Amino acid sequence: MTANTKTQAMPDIKPQTTLDLNGLASPGPLPSLRRTLRTVEEGQVLLLISDFPGIENDLHVWAKQTNNQVLFIDRTRPRGFGFFILKGDLWPVEKSVDVTGCHCPTPVVEASKTMVQIRAGQNIKLISDCQASPLEVNTWIKTTGHKLLAMTEDSRGVYRFYIKK
């Protein structure tokens, strides 16, 4: 599930639930989203449709605080934007390593430190906004024998790597 906001074709993301909140002003979209997300399972995608001008920034702040991701923003809709939101994590994780704001090789250095803290068969989540991290993590995975379970990129270019020891 890779996504970004550059002008390109919409990725093939199939939402399990759609929530149309066009016409609802702040703070209405977020409480309605929270209620609806209770019915969505971890790892599933919800499509939120909203024409509220401040919703994009609100959603990014909310997503970071709640361990959810805004995967893609469909800006081609005739009314409102479509926000594809991934609930939680794709895989269970024992430890999370957030190195946003740090440049390579920091993501793989910190991931290496975290891997020694978990047992074989357990997973970590590495969060990075370094543009080189997909290449760096793939190289590190090949040299260490760990397994990359999945990688996502949210609409602001933040990657999440799910790595199994």
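For the structure itself, consult the block above.
Keep in mind it's a predicted model, so treat the numbers as computed, not measured.

Before going further, it helps to spend a moment on the layout of surface pockets. Empty space left among the atoms is revealed by rolling a probe the size of a water molecule over them. Within this model, the largest pocket holds a volume of roughly 330 Å³. As for the largest pocket, its lining consists of 16 residues, and the residues nearest its centre are Ala63, Lys64, Asp154, Val158 and Arg160. Those elements that provide at least two residues to the lining of the largest pocket are helix 2 (55-66), strand 3 (69-74) and strand 6 (123-128). Residue composition of the lining of the largest pocket, grouped by class: five nonpolar, five polar and six charged.

Further remarks concern the pattern of salt bridges. Counted according to the given criterion, the structure contains five salt bridges. Here lysine 125 makes a salt bridge to aspartate 89, at a shortest N to O gap of 3.0 Å. In this pair, lysine 125 is assigned in strand 6 and aspartate 89 in the loop between strand 4 (81-86) and strand 5 (95-98), connecting sequence segments 36 residues apart. Taking relative accessible area as the criterion, lysine 125 reaches 3% and is therefore assigned buried. By sharing partners, the salt bridges in this structure join Asp89, Lys125 and Arg160 into a single network.

One pass over the full model with this rule turns up zero disulfides. For cysteine 104, which is in no disulfide, the shortest distance to another cysteine sulfur is to cysteine 130 and amounts to 3.1 Å. Judged by relative accessible area, cysteine 104 falls into the partly exposed class, the value being 22%. Exposure remark for cysteine 130: the relative accessible area of 8% places this residue in the buried category.

In space, the four strands of this open sheet follow the order 5-6-8-7, with mixed pairing throughout. Both edges of this open sheet fall to strand 5 and strand 7 (147-153), since each of them pairs with a single strand only. With direction set aside, neighbouring strand axes in the sheet form an average angle of 15 degrees. Note that strand 7 and strand 8 (residues 159-164) share six bridges and pair antiparallel. Residue pairing for strand 8: leucine 148 is matched across the bridge by isoleucine 163. Across the sheet, helix 4 (residues 133-144) lies against strand 6, strand 7 and strand 8, angled at about 5 degrees from strand 8, the strand it touches most.

Reading the values: the criteria
The numbering scheme is per chain: residues are counted from 1 as the chain's sequence reads. At least 70 in pLDDT is required for a residue's local features to be given in this predicted model, at least 80 for side-chain atom pairs to be given and counted, and no such filter applies to totals for whole chains, interfaces and linings, which use all residues. Neither water nor hydrogens contribute to the side-chain values; these are computed over all heavy atoms in the structure. Detection works on a 1 Å grid of protein atoms alone, calling trapped sets that fit a 1.4 Å probe cavities and calling open sets with protein on both sides within 12 Å along at least five of seven lines pockets, with lining residues defined by an atom within 4 Å of a point. Grid points are joined across faces, edges and corners, and a volume is the space filled by probe spheres set on the points. Helix and strand definitions follow DSSP, with helices as H or I runs of at least four residues and strands as E runs of at least two, each counted in order from the N terminus. Each residue is assigned to one class: nonpolar for Ala, Val, Leu, Ile, Met, Phe, Trp, Tyr, Cys and Pro, charged for Asp, Glu, Lys and Arg, and polar for all the others, Gly among them. We count a salt bridge whenever a side-chain nitrogen from Lys or Arg sits within 4 Å of a carboxyl oxygen from Asp or Glu. The classification of residues rests on relative accessible area computed with a 1.4 Å probe and restricted to protein chains. Under 20% of the type maximum is buried, over 50% is exposed, and intermediate values are partly exposed. In plain terms, two cysteine sulfur atoms within 2.5 Å form what is called a disulfide here. If DSSP finds at least two bridges between two strands, the strands pair. With axes taken as lines fitted to C-alpha atoms, and helix axes fitted only over the stretch in contact, angles between N-to-C directions fall between 0 and 180 degrees. Contacts between residues were defined by any pair of non-hydrogen atoms, one from each residue, lying within 4.5 Å.

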